[in-house]
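Tertiary structure, described
Now for the letters of each chain:
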Amino acid sequence: MKKNKFDTALITGASSGIGRALAIELSKKSTLIYLTGRNKKELINTAEMLDCESSISIADLSTKSGVTKISNIIEEENIDLLINNAGFGSGGYFHKRNIEKEISLIDTNVDAVVSLTYAYINKAINTERQGAVLNVGSVVSFFPRPTNVTYAASKAFVRSFSNALHMKYKDKGILVSCLYPGLTYTNFFTDPDSMRKYKFVGQEPEHVAKIAIKGLHRNKRRIVPGIINYLIIFIGKYLYKYF
């Protein structure tokens, strides 16, 4: 018997940061969580922090083999909640960046999200199961970011993708939600502790995770953690519209 409607979950990028925090928060009321990522040691550390059973899969979602490996788990197991959290960013002048890294970013932040969501929704439809998908976006998905061109564009895709899927599949019992965190103290940054000086806008990943899971239980399509991030979205959209 299920402990709750998200009794079994699969989380990508679960080795640290928001992914790890989501796993810990979910484990309080779940039975099994599939943890995926590239760092085996850190995934084991995440597993040891959980209050439920877990299964670890090492996969690089910037590669086809990695995506196929996780897609197979989705197709073979009955998963109540898929969380597409894996992703990374890049910064600086676009013309000075390593193009291979930019393409890898798109492979991870966009292509993997599409492929895994496709596998999940197909499984749900074919087995007549209800379910949920949480895609981790960003506040920068709401406006252009000249210093993070490819990353912001990838998250803008995730936002549009999630909104459209929510409208299409909500009547079939499949919730597609998107989380829009702002500055979060995680390994997304080279030196996460250095970002703590921005106390007014920064958040701990545990705080973001609590809001995300609460939003999922409320069937929210858009989950923005805190009033400060709503303000960032509003101000960002205004600045890029008029300046």
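To be clear, the structure that these remarks concern was listed above.
Remember, it's a predicted structure, so these values are computed and weren't measured experimentally. (Residues numbered from 1 in each chain as written. Predicted model: local features only at pLDDT ≥ 70, side-chain atom pairs only at ≥ 80, totals over all residues. Heavy atoms only, no water.)

Scanning the entire structure with this criterion turns up five salt bridges. For aspartate 80, the salt bridge identified is with arginine 129, shortest N-O distance 2.9 Å. Here arginine 129 lies in the loop between helix H4 (99–126) and strand S5 (131–136) and aspartate 80 lies in the loop between helix H3 (64–76) and strand S4 (81–84), a separation of 49 residues in the sequence. Here arginine 97 ties to glutamate 102 by a salt bridge, and the two come within 3.4 Å at their closest N and O atoms. Here arginine 97 matches glutamate 102 in class, with each residue buried. Through salt bridges that share partners, Glu25, Lys28 and Lys210 make up one connected network. (Salt bridge = Lys/Arg side-chain N within 4 Å of Asp/Glu carboxyl O. Helix = DSSP H or I, 4+ residues; strand = E, 2+ residues; numbered from the N terminus. Buried < 20%, exposed > 50% of the residue type's maximum accessible area, 1.4 Å probe, protein only.)

Below, the discussion takes up the packing of H3 against H4. Running from amino to carboxyl end, H3 crosses H4 at an angle of 15°, the nearest separation of the two axes being 9 Å. As summarised for this structure, H3 and H4 are arranged roughly parallel, according to the angle between their axes. Taken as a pair, H3 and H4 cross one another with a handedness that is right-handed. The segment H3 lies against H4, with Val67, Ile70, Ser71, Ile74, Glu75 and Glu76 engaging Ala112, Ser115, Leu116, Ala119, Tyr120 and Lys123. Of the residues belonging to the contact of H3 with H4, the class tally is seven nonpolar, two polar and three charged. (Axes fitted to C-alpha atoms, helices over the stretch in contact; angles between N-to-C directions. Parallel < 35°, antiparallel > 145°, perpendicular 65-115°, else oblique. Left-handed = near helix turned anticlockwise from the far one by under 90°. Contact = heavy atoms within 4.5 Å. Nonpolar A, V, L, I, M, F, W, Y, C, P; charged D, E, K, R; others polar.)

Counted by the stated rule, this structure contains two aromatic pairs. Centroid distance phenylalanine 157 to phenylalanine 161: 5.5 Å. Interplanar angle 15°. Geometry classified as stacked. Residue phenylalanine 157 and its partner phenylalanine 161 are both found in helix H5 (residues 149–169); the two are separated by four residues, about one turn of the helix. Residue phenylalanine 157 is classed as partly exposed on the basis of its relative accessible area, which comes to 32%. The buried category is assigned to phenylalanine 161, whose relative accessible area is 17%. Directly above the aromatic system of phenylalanine 142 lies the positively charged group of arginine 159, at a separation of 4.5 Å from the ring centroid. (Phe/Tyr/Trp six-rings, centres within 6.5 Å; stacked < 30°, edge-to-face > 60°. Lys NZ or Arg CZ within 6 Å of the ring centre and 35° of its normal.)

Regular strands have side chains that alternate between both faces of the sheet. With six bridges joining them, strand S2 (residues 32–37) and strand S3 (residues 53–58) adopt parallel strand pairing. Its bridge partner being in S3, threonine 36 is matched across the sheet by serine 57. The handedness of the S2 to S3 crossover, carried by helix H2 (residues 40–48), is right-handed. (Pairing = 2+ DSSP bridges. Right-handed = clockwise from strand over helix to strand, strands pointing away.)

Attention now moves to a nonpolar patch on the surface. A cluster of nonpolar residues, Ile227, Tyr230, Leu231, Phe234, Ile235, Tyr238 and Leu239, forms a patch on the protein surface that exposes about 720 Å² of accessible area. Among the residues examined, leucine 231 registers a relative accessible area of 41% and is labelled partly exposed. (Patch = residues over 30% accessible without salt bridge, like charges linked within 9 Å, V, L, I, M, F, W, Y side chains within 5 Å. Areas by Shrake-Rupley, 256 points an atom, 1.4 Å probe, with all protein chains shown as cover.)

Once that is clear, we can look at H5. Taking 1.5 Å per residue as the helical rise, H5 with its 21 residues ought to reach 30 Å, and the 30 Å between its terminal C-alpha atoms agrees with that figure. Among the residues of H5, those classed as buried are Thr150, Tyr151, Ala152, Ser154, Lys155, Val158, Phe161, Ser162, Asn163, Leu165 and His166. Of the surrounding secondary structure, the elements contacted by the buried residues of H5 are H4, S5 and strand S6 (174–179). (Expected span 1.5 Å × (residues − 1).)

Core analysis: the biggest nonpolar cluster contains 28 residues, and Leu26 and Leu81 have the highest contact counts within it. Elements represented by at least two residues in this core include exactly strand S1 (8–11), helix H1 (17–27), S2, H2, S4, S5, S6 and helix H6 (205–217). In this structure leucine 81 touches Phe6, Thr8, Ala9, Leu10, Leu26, Tyr120, Ala132, Val133, Leu134 and Leu216, once residues within four positions along its chain are discounted. (Core = buried A, V, L, I, M, F, W, Y, C linked by side-chain atoms within 4.5 Å.)

Judged by pairing direction, the sheet is parallel, and its seven strands sit side by side in the order S3-S2-S1-S4-S5-S6-S7 without closing on themselves. The open sheet is flanked by S3 and strand S7 (222–223), the only strands paired with a single partner. The pairing of S6 with S7 spans two bridges and is parallel. Along S7, the bridge assignment pairs leucine 179 with isoleucine 223.

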